[in-house]
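In case you want the letters, here they are:
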Amino acid sequence: MTEPIIETRELTKRFGSFTAVDRITLSVMPGEIFGFLGANGAGKTTAMRMLCGLSRPTAGTGRVAGYDIGRQPEAVKRRIGYMSQRFSLYDDLTVGENVRLFGGIYGLGRHELARRGDELLQRLDLTDRRRVRVGALPLGLKQKLAFSVALLHRPPLVFLDEPTGGVDPVTRRTFWEMIDAAAADGTTVFVTTHYMDEAEYCHRVSIMVDGQIRALDTPDRLKRQYGAASMEEVFLGLAETAKRSSE
Amino acid sequence: MNTYLAFVRKEALHILRDRRTLLVVVLLPIVQILLFGFAISTEINDLRIRVAATDRLTDAGRIATRLDASPYLRCEALDGYYDGKNKYYDSFSYRSDRKNYRSDRIDQVLRRGEADAVLVVDGRQGRMQLVVDASNPNTATMAASYVGGALGGGAPDVRMLYNPQMLSAYNFVPGLMGLIFVIICAVLTSVAIVREKETGSLDLLLVSPVSPFVTVAAKMTPYFAVSCLNLATILALAHYVLGVPLAGRAGATVALTLLYIVLALAVGLLVSTLVRTQVAAMVLALIAMMLPTILLSGMIFPLENAPAPLQWLSAVVPARWYIGAVRKVMIEGLSLGDVTVELAVLAGMTALLLAAALKNYNKRTD
């Protein structure tokens, strides 16, 4: 049996007396598309920051890509990709410069970087627009470029923080085709989203409420378990039980 | 190393792409030096002096010639004209009702701003009186001392050391250096780091395997490079345009300034770890660095005149130590060995600030 690529036990983060993440336990297998759902303020971002090695857990343990997130965050960081909707690429740099920067950050050699960069631009049909500033690209294309850049160093696992926020439905669909393709290549995708139709595309989803994981299974089984027609109903049913305000 | 270079490239591109920043870092030092050098000078050129004689027996013409020879004074007869060859025609000395007319007339000339001072020469009694418009005390003092100096009689023989012509450039160039590097290093770096916090890109950098130390070092490198460029520009302008001698201690000045630049960068870094928005960074850097640098460093206002508590307070203002040391090295020609106290204080401050900044920076990633 293969090892899970993400495995947490009772992972907890407290800020003073406030428990942002409350003893979450989950495991994600390689090649899986894992949907990490929750209302704003449920603790998703904090949990994700811990998994990425950005934030030290207060209690509990977690292993990501074979390394302990509390003790070896640097090793974890080398093996993951990360993309967020809030910020992904530098608008004032050109397409080519962004690719070069993130290749450089992840320590790709010059030739390797040039080869993968060309390949990436070709795939996105951006070769002609290599010298265009990212700020001038349409949002959808920007997000696709950001996703590809996050995969540039071929990490076994990529974290996507609301990657399709503000993007039109057509582009979202093609974006998810890219996610599927990455997963088919064996890359594990850990994704947060507020779009419940996207939750349906995930292999498995977890739903966080008040810092705890209240549900974790495949979308089909969750719908059956809660007698709901869509993930939207499942989500709203659970989110209503929240005691913490989302503000 | 590759990573570091990739970052430095990125930061350099940010600066080059942002016209406003670029203008500030390139033009600010030049504009400030030239502005202070030529426009906002505390020395006064072309003071307008009118000479009035009470009668024809006076040697007012000779006196006027002497005053006119001074580069700071422009001399004319109160009413009438001076032909440039010791012949002095004073129309009003023929008046009969001199007494009243004279004081009224002097008053009028000063009020209208036609002259800064009027020298009244009374030939019969061998006396002279200088009537000065003291609404600007600075100008008035200058006028009095220039005229006194030009006439020579009775004035003490003053010798000015290091700055014999009392050029204000000698005073303000070190001060401006203290200010410019604070602006370029502290304000711009803090804003640059906080901007990444605001847009969220800092998370993207923190989630990469690059150590925070490399991130920060790379961010500062282009600003450090720009500062070195500015230093060269300032020294060149000060020396070749404003005639500041550098006293053969350019090396020591550069060494001192490099230390100060690192210090200012550390301040910028510390500020950036304390605030979340660019505006807050700007305000904090302004209040914490620029105002004390302008007000409490001795750059413009002599610290010796400040109340004792402000003098104590000034001890924590880095610019005070830097400007003091640069004056000694650049203008007086002392060596680095003569400013060990300033060097030690600056180095100590730099170490403290860097330690505090890095500690804060690491805390953030927790």
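What you see is a predicted model, and the numbers here were worked out from it, not measured in a lab. (Residues numbered from 1 in each chain as written. Chains lettered and ligands numbered in written order. Predicted model: local features only at pLDDT ≥ 70, side-chain atom pairs only at ≥ 80, totals over all residues. Heavy atoms only, no water.)

**Things to note about the overall build of chain B**
Our working rule: Each helix corresponds to a stretch of at least 4 residues labelled H or I by DSSP, and each strand to a stretch of at least 2 residues labelled E; elements are numbered beginning at the N terminus. Each residue's exposure class comes from its accessible area (1.4 Å probe, protein chains only) as a fraction of the maximum for that residue type: buried when under 20%, exposed when over 50%, partly exposed otherwise. Throughout, a residue-residue contact means that at least one pair of heavy atoms, one from each residue, lies within 4.5 Å. Methods summary: accessible areas were calculated by the Shrake-Rupley approach with a probe of 1.4 Å, and residue burial reflects only the protein chains presented.
Helix and strand counts for chain B come out as 13 helices and 6 strands. Taking all 366 residues of chain B together, the buried fraction comes to 47%. Summarising the internal contacts of chain B: among those between residues at least 6 apart in sequence, 74% fall at separations of at least 24. When the accessible surface of chain B is summed, it comes to about 17700 Å², and 61% of that surface belongs to carbon and sulfur atoms.

**Details of the sheet that holds strand S4 (residues 59-64) of chain A**
All names here are of chain A. The cut-off we apply is this: For two strands to pair, DSSP has to find at least two bridges joining them. In this description, a line fitted to the C-alpha atoms serves as the axis of each element, helices being fitted only across the stretch in contact, and the angle between N-to-C directions of two axes falls anywhere from 0 to 180 degrees.
Spatially, the 4 strands line up as an open sheet ordered S2-S1-S4-S5, and their pairing is antiparallel. Only two strands of the sheet have a single partner each, and these edge strands are strand S2 (18-28) and strand S5 (67-68). Against the sheet, helix H1 (residues 44-51) contacts strand S1 (6-15), S2 and S4, and its axis sits at roughly 120° relative to S1.

**Some points on the pattern of salt bridges**
All names here are of chain A. How we decide: In the sections that follow, a salt bridge refers to a side-chain nitrogen of Lys or Arg positioned within 4 Å of a carboxyl oxygen of Asp or Glu.
Overall, the coordinates contain 24 salt bridges over all chains when judged by the stated rule. Residue Asp22 is joined to Arg23 by a salt bridge in which the shortest nitrogen-to-oxygen separation is 3.0 Å. Since its relative accessible area comes to 17%, Asp22 is described here as buried. A single network of salt bridges, built from pairs that share partners, joins Glu112, Arg115, Arg116, Glu119 and Arg154.

**Quick look at the nonpolar core**
Soluble, globular proteins show a tendency: their nonpolar side chains are buried together. How we decide: Only buried Ala, Val, Leu, Ile, Met, Phe, Trp, Tyr and Cys residues count toward a nonpolar core, and they belong to the same one when joined by side-chain atoms within 4.5 Å.
Ile6, Leu145, Phe147, Phe159 and Phe190 of chain A are the most contacted members of the largest nonpolar core, which has 160 residues in total. It is helix H6 (residues 169-199) of chain B that provides the largest number of residues to this core, a total of 19 residues. Counting residues in each nonpolar core, the second largest holds 15 residues, with Leu47, Ala64, Ala117 and Leu151 of chain B among its members.

**Some details on the interface of chain B and chain A**
Quick note on the threshold: Defined here as a combined quantity, buried area equals the accessible surface (1.4 Å probe) lost by two parts on assembly, summed across both.
Taken together, the contact pairs 25 residues of chain B with 27 residues of chain A. Between chain B and chain A, a total of about 2500 Å² is buried, with carbon and sulfur atoms accounting for 56% of that surface. Together, Arg17, Leu204 and Val207 of chain B form the three largest contributors to the area buried by chain B at its contact with chain A, with a combined 27%. Our count for the contact surface shared by chain B and chain A stands at 1 salt bridge. We note a salt bridge from Arg17 of chain B to Glu97 of chain A, for which the minimum N-O separation is 2.9 Å.

**Describing unusual backbone geometry**
All names here are of chain A. The phi dihedral of Glu10 falls on the positive side, at around 55°, and the residue is not glycine. Inspection of the secondary structure puts Glu10 in strand S1. Judged by relative accessible area, Glu10 falls into the partly exposed class, the value being 43%. Positive phi, normally seen in glycine, also occurs at Glu162, with a value near 45°. Mapped onto the secondary structure, Glu162 falls in the loop between strand S7 (157-161) and helix H6 (169-184).

**Structural notes on the packing of aromatic side chains**
Residue and element names in this part refer to chain A. Note the cut-off: Think of it this way: a Phe, Tyr or Trp ring, Trp meaning its six-membered ring, pairs with another when their centres are within 6.5 Å, and the plane angle makes it stacked under 30 degrees, edge-to-face over 60, tilted otherwise.
Scanning the model with the defined rule gives 7 aromatic pairs over all chains in all. The interplanar angle of 15° and the centroid separation of 5.5 Å between the aromatic rings of Phe34 and Phe190 together place this pair among those described as stacked. Taken together, the residues Phe34 in strand S3 (residues 33-38) and Phe190 in strand S8 (residues 188-192) connect sequence positions 156 residues apart. Summarising the burial analysis for this pair, Phe34 and Phe190 share the class buried. Seen in terms of ring centroids, Trp176 and Tyr201 are 5.3 Å apart; in terms of plane orientation they differ by 55°. Their pairing is tilted. Here the residue Trp176 occupies a position in helix H6, and Tyr201 occupies one in helix H7 (residues 196-201), the gap between them amounting to 25 residues. The class for Trp176 is buried, based on a relative accessible area of 2%.

**Examining the state of the cysteines**
Worth spelling out the cut-off: To count as a disulfide, a pair of cysteine sulfur atoms needs to be within 2.5 Å.
In the structure shown here, the tally under the stated rule is 0 disulfides over all chains. Among the cysteines around Cys52 of chain A, which has no disulfide bond, Cys202 of chain A carries the closest sulfur, lying 16 Å off. No disulfide involves Cys185 of chain B; its sulfur sits 8.7 Å from that of Cys228 of chain B, the nearest cysteine.

**Here we look at H6 of chain A**
Each full turn of the α-helix corresponds to 3.6 residues, which orients residues three or four apart in the same direction. All names here are of chain A. Stated formally: Expected helix span is given by 1.5 Å per residue-to-residue step, counting one fewer step than there are residues. To obtain the arc, one takes the directions from the helix axis to the C-beta atoms. Counting of polar contacts relies on pairs of N or O atoms within 3.5 Å, with two restrictions inside protein: one atom must be capable of donating a hydrogen and the other of accepting it, and residues adjacent in sequence are counted only when both atoms are side-chain atoms.
With 16 residues, H6 should cover 22 Å at 1.5 Å per step; its first-to-last C-alpha distance of 22 Å lies within 8% of that length. Residues Thr171, Arg172, Phe175, Trp176, Met178, Ile179, Ala182 and Ala183 constitute the buried set of H6. When H6 is viewed along its axis, its buried side chains cluster within an angular range of 150° and face the same direction. Seen from the buried face of H6, the exposed residues on the opposite side, beyond 90 degrees, are Val170 and Ala184. Of the surrounding elements, those touching the buried residues of H6 are S3, strand S6 (80-84), helix H5 (139-150), S7, S8 and H7. In this structure Asp168 caps H6, since a side-chain oxygen of it lies 3.0 Å from the backbone nitrogen of Val170.

**Some words on the confidence of the model for chain B**
All names here are of chain B. Heads up, the condition is: In predicted models, pLDDT denotes the confidence assigned by the predictor to each residue on a 0 to 100 scale.
Scored by pLDDT, chain B comes out at a mean of 77, with 81% of its residues at no less than 70. Note that residues 91-101 has pLDDT below 50 and, in this model, 17 contacts with residues that lie over four places away or in other chains. This stretch, residues 154-159, has a pLDDT under 50; its non-local contacts, to residues over four places away or in other chains, come to 1 contact. In the predicted complex, the global pTM is 0.73; the interface-specific ipTM is 0.78.

**Considerations on the packing of helix H3 (residues 95-105) of chain A against helix H4 (residues 110-123) of chain A**
The description of two helices packed together rests on the angle between their axes and the distance between the axes. Residue and element names in this part refer to chain A. Applicable threshold: Here roughly perpendicular refers to angles of 65 to 115 degrees, roughly parallel to angles under 35, roughly antiparallel to angles over 145, and oblique to all remaining angles. In this scheme, a crossing is called left-handed if the near helix is turned counterclockwise away from the far one by less than a right angle; it is called right-handed if the turn is clockwise. Only Asp, Glu, Lys and Arg are considered charged in this grouping, and only Ala, Val, Leu, Ile, Met, Phe, Trp, Tyr, Cys and Pro are considered nonpolar; every other residue, Gly among them, is considered polar.
Following both chains from N to C, one finds H3 and H4 inclined at 135°, their axes separated by 10 Å at the closest point. Looking at the two axes, H3 sits oblique to H4. Classified by chirality, the crossing of H4 by H3 is right-handed. Side by side, H3 and H4 meet where Val95, Val99, Arg100, Gly103 and Gly104 of the first sit next to Leu113, Gly117, Leu120 and Leu121 of the second. In the contact of H3 with H4, the residues fall into 5 nonpolar, 3 polar and 1 charged.

**As for empty space enclosed by the protein**
Applied cut-off: Both cavities and pockets are sets of points on a 1 Å grid over the protein atoms alone; in a cavity a 1.4 Å probe fits but cannot get out, in a pocket the set is open with protein on both sides within 12 Å along at least five of seven lines, and lining residues sit with an atom within 4 Å of a point. Grid points are joined across faces, edges and corners, and a volume is the space filled by probe spheres set on the points.
Counted by the stated rule, this structure contains 1 cavity of 30 Å³ or more. Looking at the largest cavity, its volume works out to about 100 Å³. Taken together, Tyr82, Met83, Ser88, Leu89, Phe102, Tyr106, Ala146, Val149, Ala150 and His153 of chain A together with Leu204 of chain B make up the full set of residues lining the largest cavity. Contributions of two or more residues to the lining of the largest cavity are made by S6 and H5 of chain A. Sorting elements by how many residues they give to the lining of the largest cavity places H5 of chain A first, with 3 residues. Here the residues of the lining of the largest cavity are counted per class, giving 9 nonpolar, 2 polar and no charged.

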